[in-house]
Amino acid sequence: MIRTILTTFALTVSIAAMATIPYGTISKEDHNRAVDLVRQMTLEEKCTLISGQVGGFQTFGIERLGIPAVKMSDGPQGVRNDTRSTYYPCGMSVAASFNRSVAKGVGSGIGCDARARGVGFMLCPGVNIYRSASCGRNFEYFGEDPYLAAETAASLICGIQEQGVISTIKHFAVNNQEYDRHGVSSSIDERTANEIYFAAFRAAVEKARVGAVMTSYNPVNGVHAAESPWLIKDNLRAWGHQGIVMSDWTSTYSTIGCVTGGLDLEMPRGRVMNYSLIKPLIDNGVIDEKDIDLKCVNILQTIIAFGFLDRPMKDSSIPEDYEYSREMAMNAAVEGPVMLLNEGALPIRSNRRNDIVVLGPNADVVPYGGGSGEIFPIEGRSVSLLAAMQSLGKGYKVRTMDWKNVDAASLAKATAVIFAGGYDKRSEAENRDKDYRLPDGQDEAIKAIAAINPNVTVVINTGGEFDLNAWKDDVKAIILAWYGGQAGGPALADIISGKVSPSGRLPFTFWGSLEKNPAFPHYGINTDKKTDYKPHQERYAKYPFTQYSEGIFIGYRGEDKFGVKPLFPFGYGLTYSRFEYSDISVTPSDGGFDVSFKLTNTGKFKASEVAQVYVAPIAPNVLRPTRELKGYDKVTLAPGESRICTVHLPGSAFAYYSPAIHGWKTDNGNYDIQVGRNADGIVLSKTVVL
Ligand code: BGC
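Small disclaimer: the values here were computed from a predicted structure and weren't measured.

Around the ligand sit 14 residues in total, of which D74, R137, H171, D248 and E430 are the nearest. In the environment of the ligand, an oxygen atom lies 2.5 Å from a nitrogen or oxygen atom belonging to the side chain of D74. Note that an oxygen atom of the ligand is positioned 3.5 Å from one of the side-chain N or O atoms of R181. Alone, the ligand offers 310 Å² of accessible surface; in the complex the protein occludes 93% of this.

Moving on: the packing of aromatic side chains. Taken as a whole and assessed by the stated rule, the structure comprises 29 aromatic pairs. A centroid spacing of 5.7 Å and a plane angle of 80 degrees characterise the contact between F510 and F568, whose relative ring orientation is edge-to-face. One end of the pair, F510, is in the loop between α17 (488-496) and α18 (537-540); the other, F568, is in the loop between α19 (559-562) and β16 (579-589), and 58 residues separate them in sequence. Taken individually, F510 and F568 each receive the classification buried, so the pair is uniform in this respect. Clustering of aromatic rings is evident, with ring pairs tying together Y130, F466, W471, W482, F508, F510, F568 and Y572.

When pLDDT is averaged along the protein chain, the result is 93, and 94% of the positions lie at 70 or above. The model gives residues 1-19 a pLDDT under 50, and that stretch makes 18 contacts with residues more than four places away or in other chains.

With that settled, consider the packing of helix α5 (residues 100-116) against helix α13 (residues 323-335). Where α5 meets α13, the closest approach of the two axes is 9 Å, and the angle between their N-to-C directions is 150 degrees. Comparing their axes, α13 and α5 come out roughly antiparallel. Here α5 and α13 pass one another in a crossing that is left-handed. Here V102, G105, V106, S108, G109, C112 and D113 of α5 lie close against α13, whose contacting residues are Y324, S325, M328, N331, A332 and E335. Its residues assigned to classes, the contact of α5 with α13 shows 6 nonpolar, 5 polar and 2 charged.

Quick look at unusual backbone geometry now. Put simply, C124 and P125 share a cis peptide bond, and its omega is 5 degrees. A cis amide bond links F172 to the next residue, A173, at an omega of 5 degrees. Position of A173 relative to the elements: it lies in the loop between β3 (166-172) and β4 (185-187). A positive phi angle, near 55 degrees, is found at V174, a position not held by glycine. As for its placement among the helices and strands, V174 is situated in the loop between β3 and β4. Overall, the relative accessible area of 1% leaves V174 in the buried class. Here T250, not a glycine, exhibits a phi torsion of approximately 60 degrees, which is positive.

To continue, consider helix α7 (residues 190-197). Burial within α7 is extensive, with 7 of its 8 residues counted as buried. Contacts made by the buried residues of α7 are with α6 (146-161), α8 (199-206), α9 (229-237), β19 (628-637), β21 (656-658) and β22 (663-665).

For the structure shown, the criterion picks out 0 disulfides. C112 forms no disulfide, and the closest cysteine sulfur to it belongs to C124, at a distance of 13 Å. No disulfide involves C135; its nearest neighbouring cysteine sulfur is the one of C90, lying 13 Å away. Residue class for C135 comes out buried when judged on its relative accessible area of 1%.

Structurally, K170 can be placed in strand β3. Taking the relative accessible area as the measure of exposure, K170 reaches 1% and is therefore buried. Side chain to side chain, K170 and D74 meet in a polar contact 3.3 Å long. Reaching out from K170, the side chain makes a polar contact with the backbone oxygen of L123 at a distance of 2.8 Å. Leaving out residues up to four positions away in the same chain, K170 has contacts with D74, L123, P125, G126, V127, N128, R137, E140, F201, M214 and S372.

Bringing the pairing of β3 into the picture now. The buried fraction of β3 amounts to 7 of the 7 residues, a majority that puts the element mostly inside the structure. For strand β2 (residues 119-123) and β3, the ladder comprises 2 bridges, and the chain directions are parallel. Looking at β3, one finds that F121 is bridged to I166. Read from β2 through α6 to β3, the crossover connection turns out right-handed. Of the strand pairs in this sheet, β3 and strand β5 (residues 212-215) are connected by 4 bridges, and their pairing is parallel.

What follows is about the sheet that holds strand β20 (residues 642-649). Pairing within the open sheet is antiparallel, and its 3 strands lie in the order β16-β17-β20. Of all the strands in the sheet, just β16 and β20 have a single pairing partner and so form its edges. Mean inter-strand twist for the sheet, computed between neighbouring axes without regard to direction, equals 20 degrees. Inspection of the sheet shows β16 paired to strand β17 (residues 592-601) by 9 bridges, in the antiparallel sense.

In this structure, M246 and L300 are the most contacted members of the largest nonpolar core, which totals 115 residues. Residue contacts for M246: discarding those within four places in its chain leaves M72, F121, L123, T168, A212, V213, M214, T215, L263, L265 and M267. Formed by 45 residues, the second largest nonpolar core is a distinct cluster that contains L341, I375, Y436 and I446.

Calculation rules
Residues numbered from 1 in each chain as written. Predicted model: local features only at pLDDT ≥ 70, side-chain atom pairs only at ≥ 80, totals over all residues. Heavy atoms only, no water. Near = heavy atom within 4 Å. Polar contact = N/O pair within 3.5 Å; in protein donor to acceptor, adjacent residues only side chain to side chain. Areas by Shrake-Rupley, 256 points an atom, 1.4 Å probe, with all protein chains shown as cover. Phe/Tyr/Trp six-rings, centres within 6.5 Å; stacked < 30°, edge-to-face > 60°. Helix = DSSP H or I, 4+ residues; strand = E, 2+ residues; numbered from the N terminus. Buried < 20%, exposed > 50% of the residue type's maximum accessible area, 1.4 Å probe, protein only. pLDDT = per-residue confidence, 0-100. Contact = heavy atoms within 4.5 Å. Axes fitted to C-alpha atoms, helices over the stretch in contact; angles between N-to-C directions. Parallel < 35°, antiparallel > 145°, perpendicular 65-115°, else oblique. Left-handed = near helix turned anticlockwise from the far one by under 90°. Nonpolar A, V, L, I, M, F, W, Y, C, P; charged D, E, K, R; others polar. Disulfide = S-S within 2.5 Å. Pairing = 2+ DSSP bridges. Right-handed = clockwise from strand over helix to strand, strands pointing away. Core = buried A, V, L, I, M, F, W, Y, C linked by side-chain atoms within 4.5 Å.

Okay, here's the thing in structure tokens:
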């Protein structure tokens, strides 16, 4: 067994090392082979290939031509369909790590798990931008910043694809709410779409050569995404996507729209793209058979490039419960949690107060986000925080108690850790937006416990911002734990006990109230300024749309524009040590600049800092955000240790999208290059002239 694992480990590494051209890149030979196969196919066979098989989650095979049916599985917390598998931290946690190798590791773990099960398409990652705390799927996604989302996505996709599995990035595009997700049209301008909402998809195509793109449920500017030539042809294909464009499940509405709009694969079955509907349209000259051929070529050249015509999809040398995957899940789990507050409560040392009470609805469970992102973890592999704290050993005495009926006398003198938040798969899931408040009277319980105990740490499972105002001033420490996967408990135990320092950073702005978010007045189909967001379907049903009026000024980009300050800024996160920044230099390099600075750990703990590089145009010709993230580096340093960090800013880091030229433009002028701990914590800055 050990031998097998080591051999497969070696394969994992060597494929990765060789990948200078992203794995899965479609070659001329792949294309020609696909064209040749399509020439041999009947119209009926072609119409079969461009839709999923009834029963879902696989394509059709055409046996006489050696074309296999290819299995699919959700994503993104692990391999979901018909199986138990490694449960990885959710997307928001991976983004919060601000660590490209963590993202890549999660991707390769998922890729291995998929290969072990013969799955050819993973339906992940999800990269829709975090526009509001209300979106029920935020936990699956990578936060509010297009650069962070793009870097995380490209790394994760390379991880999956280097294992010989197609990654399917979703949901293209401008799908940022769950309420009435089939019906509400996203009204968005071209600049905002390109600068904010398309960026991660574009990076997936350009940097990672993602094999497949899933369209979204919602219409964009009045046209359903699966039938939008603007999205698919004018953008996605124009960026160089040669892979597959597949619909989300039942998001197709018309044969002509899907055929001419550029969709290749209708999922989960051919509701509108089937032989009996397509044949008469071709016979009557309404659509051209060449459009069908093109879809088949796109599908075939992708599965050829991934080797599915030449090797079995299943790699039986990889165990379903794979040590490497478990390791990747643990690596990611440790780097995701974000410490928002610490007034001396953490870390809890074994030699301090040993009576530790871990309580709360999530103390002894391992919750996960639901919907298609739901996961069925491998039995025995998920460890709760309580169990993990109890196995710390070495002087840690850890007990629990009923969080709704606490024993005040015994709790008063203990060190309390409350684990709350989304408590099962129904708390956050697709198809509905979520409450801002914690569920189930948790606020009241936390407040009551904090009134008894002066030393409370609160740990929260969440996919995004939530209302902590009821108790934030009464507790001593707050950690956002996201949905941390099967290793979330042990990772948190390591952080809480100080074995590792927390190193996650907020991938979105934590405003402190729903209303402060610049998108709030325009979120949902409720376009009035009511503070209690409730969709008013009856009122807007005739023409439901959500206007992206805040434009490019979402999240931290909107702070100066709208004069609002958040409770915790984008990129924020505390650790157990302190870092000093000094000695910035900016030198021209490779059409852009190299930004160098010295980072010193001046505290007492080994810890990681996420150094963030922002570009701030001075007196720009067009409206631009005060600053935008364009680079970051996560650096781990021992106490007293220093390192010179260099972050490269390519020329494109200075560009903005100009609707006048339908493209990107860089203006000459002065720009501040700012290095900071977070979007509101700039510590070094240097002006450059373009
Ligand atoms: C979701 C997709 C998912 C698909 C298949 C849809 O409801 O929006 O993200 O991949 O179902 O489960």
